[in-house]
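Examination of the molecular architecture
Spelled out from the first residue to the last, the chains are:
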Amino acid sequence: MDLIDDSDDVTPVPLSQRAMAGRAAPYLDGLNPAQRAAVEALDGPVLLLAGAGTGKTRALTSRIAHLLAQGRAHQRQILAVTFTNKAAREMKDRIGRLLGEAVEGMLWLGTFHGISVKILRRHAELIGNGELHLKPSFTILDTDDQIRLLKQLILAENLDEKRWPARQLAHLIDGWKNRCLTPARLPQGEAMAFDGWGGKLYQAYQDRLLTLNAVDFGDLLMHCVTLFQAHPDVLKQWQDRFRYILVDEYQDTNVAQYMWLRLLAQAHRNICCVGDDDQSIYGWRGAEVGNILRFEKDFPGAQVIRLEQNYRSTPQILAAASGLISANAGRLGKTLWTEAEAGEKVRLIGHWDSEAEARWIGEEIEAFQGGHRAALGAVGLNDIAILVRASHQMRAFEDRFMTIGLPYRVIGGPRFYERQEIRDAMAYFRLVVSPSDDLAFERIVNTPKRGLGDKAIKTIQNVARQNAVPLLEGARIVVGEGHLGGKGLANLREFVVGVGRWHADALDEGISHIELAERILDESGYTAMWQNDKSPDAPGRLDNLKELIKALEEFDNLQGFLEHVALVMDRDEGDATEEVSIMTLHGAKGLEFPVVFLPGWEDGLFPNQRAMDENGTKGVEEERRLAYVGITRAERLATISFAGNRRLYGQWQSSMPSRFVDELPEEHVEVLTPPGLYGGGYGAAMAFAGANAGTQMHDRAANADVYNSPGWKRMQARATQHKTPVPRSSVTIDASAEAIFTVGDRVSHAKFGEGQVMGMAEDTLTVQFDSGGFKNIKAAYVQPVGRDDDVPF
DNA sequence: GGCGGAACTTTTTTT
DNA sequence: AAGTTCCGCC
């Protein structure tokens, strides 16, 4: 998120834009009455209950345009908060389009975290513990740094890191920060968590952060709140500045964010919160549905406006989703409606196992490609999404789609800036920019290997501590005094000298930061490290490093870049090509697709067992909202499926269909009979079609009894013994293996790297990979080496 | 101190 | 099943 606001002027600008008030307001055109009301109710607290697909972003952006056009506020006097950078970006774009000019720089539109950073930088000195305080240049730690730091603290207490994992402590501390509980405010009972060490370690962690001049994600919010609470003058400044506040996804706010908003809004109360209690799916990270349910109490006299006209889905889809969500208690309630044509019912299908499920979905998608569903209109791969509960479900689809050559993209996988090589490179940059960044130092001092192991690090740490200097400085002393022996010493000297040189280069106007970055990676030996690495993913890592350098072009210097990356961990997803999207349900929030597949609706997976164990009924309700979010992503066709067997930790486990399946309203669901099940062999066909004594395959039978029927249970029992017959794929693999390869050919595989063909049968090759090991691989899965033939995958 | 194999956990979701 | 961490040997 890039909030460029170069002005320190926080006094309100006179309403000089009144002149615009009389003009026509094109941004009002085409709004429905509710949307229009939402746009025009400018003053006082407003709660906008916006159901899925009701044009919420449209209302929000039009509202901002209206505020500006009416001269109610200057751009810099409006605060608009979102949860994700993506949402912020989209809003910025759309407002820009509405106004016909870019809004960059003026409007305070960003994530809670991004805006908090902006505020904190200006008052960093006010955050401290009496002895130490933050400096405006503070760094933001990510989860990785956070955990490494905590691990050190745990070890410093002589605790067994196995019994008290740093991850768990991090989770605990995050939870406290989400609720704005500083170590001092921590209730006695909570402080005793982590076997009595919780409070103490938390305090130690906060102190350590301060000495590092660093904050973590949770601090960004918490420090802001404590800042406002302890310094009313500062709070007043910001209250005066932000005359109008808008909040997106209000149902996802946690306690800290709620306090943050309340403090800022309590003077003028011009706050407009947009949300949908039915789409609250982040309770596990501290979000409080209660915030939205309580809004009218928190802000007496609030106007509540409901957006209920849905522009996205067919009535069948809406009805199925509404029926499902009605099982939740304590909703604010709303009735979605649409003018769209009825469309197809939500489809439901069961499979033997997760592999059959993936296979079937793959075939369905291919059938769309062949135009077998003309009623839907044209369906391209970009129109299709597979939404899973847990990311491990993705593998089955990736494997299957690879073998049949179906292009797909995984959205929200391991993110670019979280990759090892990127984080290493960034640690180099960090150390060069701020030589006192001890965490960065620790990360890279021995990467690439410089013969500096635990002992050397300990020595450096001790020297640094004794002299009260950062680690890099400590290393310099170690080098000067020759505390280390042999090779390590020479390497450490080279490293220290190198960092010193790059640091000087960074201040040299004549050297661009891009050139500097390349120089750092080359001279440090980091690039060489990967060039010499023979593992199959090494080339990919080098590509990523190139991409990282390219990303630098958008910034003026390394500092600016590092600042940006700390908050924006995502990268633009390329969508130039036609690909099916695979993502988690959480990742799908806010998106829409004509065709949606919802696999894995099994008890334990969805609703997730852990969610149920840890949060009981509340957990189930959140899972149900997640199901609701999933169904409402679909515009024209939604297909829910479940499998009788699924591999978990490498073990086959049988499972029952999700309770949510039973909750779908029968009249909006069409039950399909899975392939390979008719013929009576397994008794499963009876389970599906026979329960209602109907023998038609497409009978409606979304009936709880179906899944308790003897047939279903038999299927459960037998599925482990019988393998599903593999249905003939509707796509022919380009050619048989023989046509493309001969024994002895060199081939390359996306996952396993390069290897040699040792044998083949039909479309399957036996390959000996250079990384060691034989694998049987579908021919379509590998690429000939040394040829440019475009064999799919 | 580095490397390789064994043993052990993990998989809910993320700013 | 796969990724990580741990441990013992070089």
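If you're wondering where the values come from, they're calculated on a predicted model, not measured in any experiment.

**What about the protein's contact with DNA strand B?**
Around DNA strand B lies a shell of 21 residues, among which R389, S391, R415, G453 and R610 are the nearest. In DNA strand B, atoms within 4 Å of the protein come 58% from sugar and phosphate. H113 has a polar side-chain atom sitting 3.2 Å from a base oxygen of DNA strand B. W284 places a polar side-chain atom, nitrogen or oxygen, 2.7 Å from a base oxygen of DNA strand B. Looking at the surface near DNA strand B element by element, the count peaks at three residues for helix α19 (residues 454–467). Partitioning the surface near DNA strand B into residue classes produces six nonpolar, eight polar and seven charged.

**Details of the UniProt feature "binding site: ATP" (unreviewed entry) in chain A**
The positions that UniProt labels "binding site: ATP" (unreviewed entry) are, in the present scheme, A50, G51, A52, G53, T54, G55, K56 and T57. The topology assignment puts K56 in helix α2 (residues 56–69). Discounting chain neighbours no more than four positions away, the residues touching K56 are A50, D248, E249, V274 and L307. By the element assignment, T57 lies in helix α2.

**Notes on the packing of helix α9 (residues 217–230) against helix α11 (residues 255–265)**
Contact geometry for α9 and α11: axes closest at 9 Å, N-to-C directions at 35°. In this structure, the crossing between α9 and α11 has a hand that is left-handed. Across the interface between the two elements, L221, C224, V225, F228 and Q229 from α9 touch A256, Q257, M259, W260, L263 and L264 from α11. Here the residues of the contact of α9 with α11 are counted per class, giving nine nonpolar, two polar and no charged.

**Considering helix α20 (residues 471–481)**
Taken residue by residue, α20 has L471, L472, G474, A475, I477, V478 and V479 as its buried positions. Within two residues after α20, G482 carries a phi angle of roughly 65°, on the positive side.

**Some words on the packing of aromatic side chains**
Evaluation of the coordinates by the stated rule reveals 21 aromatic pairs. Centroid distance Y250 to F295: 5.8 Å. Interplanar angle 85°. Geometry classified as edge-to-face. With Y250 in the loop between β6 (244–247) and α11 and F295 in helix α13 (residues 295–298), this residue pair connects regions lying 45 residues apart in the sequence. Take Y250: its relative accessible area is 1%, and that puts it in the buried class. Using a relative accessible area of 0% as the deciding quantity, one classes F295 as buried. Taken together, the aromatic side chains of Y428, F441, F495, W502, Y526 and W530 make up a single cluster linked through ring pairs. One residue, R121, lies across the ring of F138, its end atom 4.2 Å from the ring centre.

**Let's talk about the sheet that holds strand β1 (residues 46–50)**
Taken together, six strands build an open sheet; the order of strands is β3-β2-β6-β7-β1-β8 and the sheet is parallel. Edge positions in the sheet fall to β3 (108–111) and β8 (303–307), since each has one partner strand and no second. Direction aside, neighbouring strands of the sheet carry axes that sit 15° apart on average.

**Some remarks on the pattern of salt bridges**
Taken as a whole, this structure holds 43 salt bridges when the rule is applied. Residues K589 and E249 are paired through a salt bridge, measuring 3.5 Å at the closest nitrogen-oxygen approach. Of the two residues, K589 is situated in the loop between α26 (585–588) and β13 (593–598) and E249 in the loop between β6 and α11; the sequence distance between them amounts to 340 residues. Among the residues examined, E249 registers a relative accessible area of 15% and is labelled buried.

Each value, and the rule that gives it
Residues numbered from 1 in each chain as written. Chains lettered and ligands numbered in written order. Predicted model: local features only at pLDDT ≥ 70, side-chain atom pairs only at ≥ 80, totals over all residues. Heavy atoms only, no water. Near = heavy atom within 4 Å. Polar contact = N/O pair within 3.5 Å; in protein donor to acceptor, adjacent residues only side chain to side chain. Helix = DSSP H or I, 4+ residues; strand = E, 2+ residues; numbered from the N terminus. Nonpolar A, V, L, I, M, F, W, Y, C, P; charged D, E, K, R; others polar. UniProt positions renumbered as here; feature names shortened; annotations may be inferred. Contact = heavy atoms within 4.5 Å. Axes fitted to C-alpha atoms, helices over the stretch in contact; angles between N-to-C directions. Left-handed = near helix turned anticlockwise from the far one by under 90°. Buried < 20%, exposed > 50% of the residue type's maximum accessible area, 1.4 Å probe, protein only. Phe/Tyr/Trp six-rings, centres within 6.5 Å; stacked < 30°, edge-to-face > 60°. Lys NZ or Arg CZ within 6 Å of the ring centre and 35° of its normal. Pairing = 2+ DSSP bridges. Salt bridge = Lys/Arg side-chain N within 4 Å of Asp/Glu carboxyl O.

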